[in-house]
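# Coordinate analysis (summary)
Each chain is listed here by its residues.
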Amino acid sequence: MTQSVVGRKIWVRGIVQGVGFRPFIYSLAARCQCTGWVRNTSSGVEIEINGTAEMIAAFEREVRQNPPPLAQIDAVESQPAPVNGYTNFVILSSQPREGDFLPVSPDVTICPDCRRELFNPADRRYRYPFINCTNCGPRFSIIRDIPYDRPKTSMAGFALCPDCQREYDNPLDRRFHAQPVACPACGPQVWFESQGQRLAECDAAIQQARQWLAQGKILAIKGLGGYHLACDAANPSAVEELRRRKKRSDKPFALMAFDLPAVECHCLVSAAERDLLESPQHPIVLLERKAESAVYGGCAPGQRTLGVMLPYTPLHLLLLEPTPGFPDMLVMTSGNLSEEPIAYEDADAKERLTPLVDGFLLHDRPIHIRVDDSVVSVAQGAPYLARRARGYAPNPVRLPLSTPRVLAAGAELKNTFCLTRDNYAFLSHHIGDLENYETLRSFEEGVQHFQRLFRVQPERIACDLHPNYLASRYARQRAQDEGLPLVEVQHHHAHLAAVLADNGWDSDEPVIGFCFDGTGYGTDGAIWGGEVLYGGYTGYQRFYHLRYVPLPGGDLAVRKPGRAALAHLTAAGLDWAAEYPAVENFCAEDRTAIRAQINLQLNAPLTSSMGRLFDAAAALIGVCQTATYEGQPAIELEALADREEMGYYPMQFTATEIDPALFWTALLDDWRAGVTTPRLAARVHNSIVRMVFETAGAVRQRTGCATAALSGGVWQNRLLLERSTRLLEQAGFIVLRHHQVPTNDGGVALGQALIAARMDIPAANLG
Ligand code: ZN
Ligand code: ZN
Ligand code: FE
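To keep things clear, this report deals only with the structure shown in the data block. (Residues numbered from 1 in each chain as written. Chains lettered and ligands numbered in written order. Predicted model: local features only at pLDDT ≥ 70, side-chain atom pairs only at ≥ 80, totals over all residues. Heavy atoms only, no water.)

Moving on, we come to the environment of Pro366. Of note, Pro366 is situated in the loop between strand 15 (359-363) and strand 16 (375-379). Among residues more than four places away in sequence, those in contact with Pro366 are Ile142, Ser154, Phe158 and Lys222. (Helix = DSSP H or I, 4+ residues; strand = E, 2+ residues; numbered from the N terminus. Contact = heavy atoms within 4.5 Å.)

Turning to the packing of helix 18 (residues 610-620) against helix 19 (residues 632-640), a few remarks are in order. Axis separation between helix 18 and helix 19 bottoms out at 8 Å; the angle between their running directions is 60 degrees. Regarding the angle of helix 18 to helix 19, the classification is oblique. As helix 18 runs across helix 19, the sense of the crossing is left-handed. Residues Phe614, Asp615, Ala617 and Ala618 of helix 18 form the contact with helix 19, whose participating residues are Pro633, Ala634 and Leu637. Across the contact of helix 18 with helix 19, the residue classes break down as 6 nonpolar, no polar and 1 charged. (Axes fitted to C-alpha atoms, helices over the stretch in contact; angles between N-to-C directions. Parallel < 35°, antiparallel > 145°, perpendicular 65-115°, else oblique. Left-handed = near helix turned anticlockwise from the far one by under 90°. Nonpolar A, V, L, I, M, F, W, Y, C, P; charged D, E, K, R; others polar.)

Moving on, we come to the state of the cysteines. For the structure on display, the rule yields 0 disulfides. Cys32 supplies the cysteine sulfur nearest to Cys34, a cysteine that is in no disulfide, at a spacing of 5.3 Å. Here Cys34 falls in the buried class, since its relative accessible area comes to 5%. Of all cysteine sulfurs in the structure, the one in Cys705 sits closest to Cys515, which takes part in no disulfide; the separation is 13 Å. (Disulfide = S-S within 2.5 Å. Buried < 20%, exposed > 50% of the residue type's maximum accessible area, 1.4 Å probe, protein only.)

Each angle at a metal carrying four tetrahedral donors should ideally be 109.5 degrees, and each at a metal carrying six octahedral donors should ideally be 90 or 180 degrees. Note on the zinc ion (ligand 2): its protein donors are Cys161 (SG), Cys164 (SG), Cys183 (SG) and Cys186 (SG). The metal-donor distances range over 2.3 Å. In this structure, the zinc ion (ligand 2) is coordinated by 4 donor atoms arranged in tetrahedral fashion, with angles at the metal of 104 to 116 degrees. For the zinc ion (ligand 2), the donor residues sit on a single chain with the sequence spacing C-x2-C-x18-C-x2-C. Within this pair, whereas Cys161 is found in the loop between helix 3 (112-118) and helix 4 (162-169), its partner Cys186 is found in the loop between helix 4 and strand 6 (190-194), the two being separated by 25 residues in sequence. (Donors = N, O, S within 2.8 Å, 3.2 Å for Na, K, Ca; no water. Tetrahedral: all angles 85-135°; square planar, octahedral: opposite > 155°, others 65-115°.)

Let's shift gears to unusual backbone geometry. Of the consecutive residues Ala393 and Pro394, the connecting peptide bond is found in the cis state with omega at 0 degrees. Mapped onto the fold, Pro394 is located in the loop between strand 17 (382-387) and strand 18 (397-408). Positive phi is not limited to glycine here, since Arg127 has a value of about 60 degrees. With respect to the secondary-structure elements, Arg127 resides in the loop between helix 3 and helix 4. A positive phi angle is found at Cys202, which is not glycine, with a value near 50 degrees.

With that settled, consider the coordination of the iron ion (ligand 3). Those donors, His491 (NE2), His495 (NE2), Asp517 (OD) and Asp745 (OD), are the protein atoms that reach the iron ion (ligand 3), and they lie 2.0 to 2.2 Å from it. Coordination at the iron ion (ligand 3) is irregular: its 4 donor atoms span angles of 88 to 171 degrees at the metal. Read N to C, the donor residues that coordinate the iron ion (ligand 3) are spaced as H-x3-H-x21-D-x227-D. Of the two residues, His495 is situated in helix 13 (residues 491-502) and Asp745 in the loop between strand 30 (734-736) and helix 23 (748-758); the sequence distance between them amounts to 250 residues. Residue class for His495 comes out buried when judged on its relative accessible area of 1%. For Asp745, a relative accessible area of 11% translates into the label buried.

Below, the structure written as structure tokens:
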């Protein structure tokens, strides 16, 4: 008995192109004995299928439940359709439609199949550093436009050889329509050069690079989304020389090891951390360092963690291949001078990096957009992003609400920008600190690229309230030029909205926001940063904030945390005793000048910054007197803290202010009494935790609200995060923290976008 044949049309949305989706559909249709066709559209994949009702149902179930590993399905819709008369199943050519958009896949770590082929002497791509397939390889960093086809990628200049073409055209091949597909005969090549001289090519180039690294030399290595500077992580003179050349004194260097066992020689790795290291993203993971590790301490001074990643391209695997005498851990830090964006254009990279390195390992596959390595830790058992870039961007954040088309320009440090449309937020990869022309240029190019790629022409523009942020200036100029409504968002309100959106918060219902960071421009012109807000997407009230102190020297005080210490001592009515490390650190003239700045409020902006409170504590007890990167004093304080210590100091709060005077008095009493630095450091943390708990209770009493949201750079401190969450949850609060976007200013653009999206703008002002 034959069952009757019916037809059905199916639309699949999400990341379904460049991930082996059509070959998957093709072979699935064959298995289900169905006929019909599949094609890419510019909004996803469209399928028309004929078969028995039972087989079509099985087909649809498989599409939903077992898609290819890299596909990310947002929606599957289907409806009955007439039987179309196809006698087999075919793949039709792409059908773009004006204005449609499609998520673009991030760059993907080499897959297990390609890795096997890479080390298989019988394979025609044996030891070929650009091996890839539909399940892996470069995507975002080589794509110029959609639909994702080879001519629109930076592989356009490499014509396929007959063997690669056959694989590319065969729907049953793992390389069917893999746009970056290549082999030694037709694809990109590597070479090694020094002082403008090409010294070796192909595998010999990689071997020469390895020799030089083993000898303690410093190399620039062109990778996936930019250049790395590399050296032997266990060689103190190589690491110190790299620090000297790169002008980077203390900020930790990222490391790369060949595989998990190599990482475990140096670091403690939990199950969640192992999953993260080996995830398709292969981010830099912050891991607790083992005491016996041979990695030179100068790779991460003052830290208890090392930032380690596994090789994510075939080139990196070949570079780190374990052999006797070759280092098992390499420094792989971004290829730039301190403060500048990572180099990615060949001519620019050579010019900028030549003074920094002894040699270059180069290749001829162009990088269309630079993408840094992502940095992630595990907090409370789940990933916690510090930098969202390679492997994550440009995956959109799914929004709980439908939004108009907004461009949000983000903040100044760790800038990212954000475009929204429908239920998607396209948060950019990490752009960097918008403090120079180079970074501003990559910001502007990035915005244009994202607008084109995701077909978003903004209807409104959002930016930080700050008068001078370069991103805010850009936003104001564009709003003016294009006649678009501009929404200037207070920095900590943006943090609050970001953590709500990150958690899928789908209403305008307010929550209690603990927005703690270093710097954010306040509506009163002061520098905010220790803020307890009560609000949501559509508005906020400032319930409590750290008491204002004048910050002598402004930005200078960020580099010299002792200045914040003196400001806090003065505000608390405490003496500048000469034996305090923070006081001792300044000469008599400096002290006089600082006292004048504080008393006359001369070049001493008022601040409620939590970051500066951490700075002050770190300086006061002698942990850190000079900060050479953002957050250094707090990071060193956290690293030192004794995890067993539960003591804390009191903070008082009035109607609107949190006054730490008693906290400082008690901290100094303990310091004078000889309490150890690790215990003091722990008590500083515990005191903030206690303050969070107490102010949360006070806000709950006034509002009935029992949801607390944690956002802002201070929450990168995992000790603070974990202890605050535990105490709040014990008291019955629901606690929201970041998951998909960074808690630091890298997440601010998402919050700005949501606030602008939810704002009522009179129709007359809409362009
Ligand atoms: Zn692969
Ligand atoms: Zn080929
Ligand atoms: Fe911030």
